[in-house]
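Architecture and fold: a report
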Amino acid sequence: MYKIIRKFQGFTGERAWNYVTDHLKKTCSPFYSVTGVPYEVIRVTSSEIVFRNNKKETRRGEERGEIMKKDNFVAAYDFIKKIEFNTTTMKKQIHRQRSPFVGLLLDARMIEE
């Protein structure tokens, strides 16, 4: 189980989005899903994060990558910010991108186990 670190619990989903996207723009390094899959960040905009892995046969491995929309990120963060959670906990808020979502929060050091 994971939880948001205390100093980030007061963040709205919008503020968390800004924090994570700023972090990604500064680091320019891959992040890892909770299962250890590395993801390359292709593009970060005000409304989406585009990422891909090296598994060519998957949607996330395709040249164009996969898009995480800001609205989904914000909804998931607002849902989990004051509870202990895992990737199953937020299934309704961020379908199919739960492991990369948690990986982004881990990479930005906003959560802990």
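Below, the structure is looked at part by part. All values reported here derive from a predicted model rather than from experimental measurement.

What follows deals with the overall build of the protein. Per the secondary structure count, the protein includes three helices and six strands. Counting from the amino terminus, helix and strand elements in the protein follow one another as β-α-β-β-β-β-α-α-β. Relative to its length of 113 residues, the protein is compact, with a C-alpha radius of gyration of 13 Å against a globular reference of 13 Å. With the principal axes as the frame, the protein shows a C-alpha extent of 35 × 25 × 20 Å.

The next thing to look at is helix 2 (residues 70–80). Every buried residue of helix 2 is accounted for by Lys70, Phe73, Val74, Ala76, Tyr77 and Ile80. Projected onto a plane normal to the axis of helix 2, the buried residues spread over an arc of 165 degrees and lie on a single side. Lining the buried residues of helix 2 we find strand 1 (3–4), helix 1 (13–27), strand 4 (48–52), strand 5 (66–69) and helix 3 (98–107).

A few words now on the pairing of strand 3 (residues 38–44). Note: strand 2 (residues 31–32) against strand 3, two bridges, orientation antiparallel. Paired with tyrosine 32 across the two strands is proline 38, which belongs to strand 3. The antiparallel pairing of strand 2 with strand 3 creates a hairpin that spans five residues between the two strands, and glycine 36 there sits at a positive phi of about 90 degrees. Where strand 3 and strand 4 come together, four bridges link them in antiparallel fashion. Bridge pairing links glutamate 40 to arginine 52 in strand 4. Between strand 3 and strand 4, which follow one another and run antiparallel, lie three residues.

The next point concerns the pattern of salt bridges. As enumerated under the stated definition, the model contains seven salt bridges in all. The closest approach of N and O atoms between lysine 69 and glutamate 48, which form a salt bridge, is 3.4 Å. Of the two residues, lysine 69 is situated in strand 5 and glutamate 48 in strand 4; the sequence distance between them amounts to 21 residues. Classification of lysine 69 as partly exposed rests on a relative accessible area of 40%. Judged by relative accessible area, glutamate 48 falls into the buried class, the value being 12%. A salt bridge links glutamate 66 to arginine 96; the nearest nitrogen and oxygen atoms lie 2.9 Å apart. Of this pair, glutamate 66 sits in strand 5 while arginine 96 sits in the loop between helix 2 and helix 3, and the two are 30 residues apart along the sequence. Each member of the salt-bridge network shares a partner with another, and the members are Arg43, Glu48 and Lys69.

Cut-offs used in this document
Residues numbered from 1 in each chain as written. Predicted model: local features only at pLDDT ≥ 70, side-chain atom pairs only at ≥ 80, totals over all residues. Heavy atoms only, no water. Helix = DSSP H or I, 4+ residues; strand = E, 2+ residues; numbered from the N terminus. Rg over C-alpha atoms; globule rule 2.2 N^0.38 Å. Buried < 20%, exposed > 50% of the residue type's maximum accessible area, 1.4 Å probe, protein only. Arc of directions from axis to C-beta. Contact = heavy atoms within 4.5 Å. Pairing = 2+ DSSP bridges. Salt bridge = Lys/Arg side-chain N within 4 Å of Asp/Glu carboxyl O.

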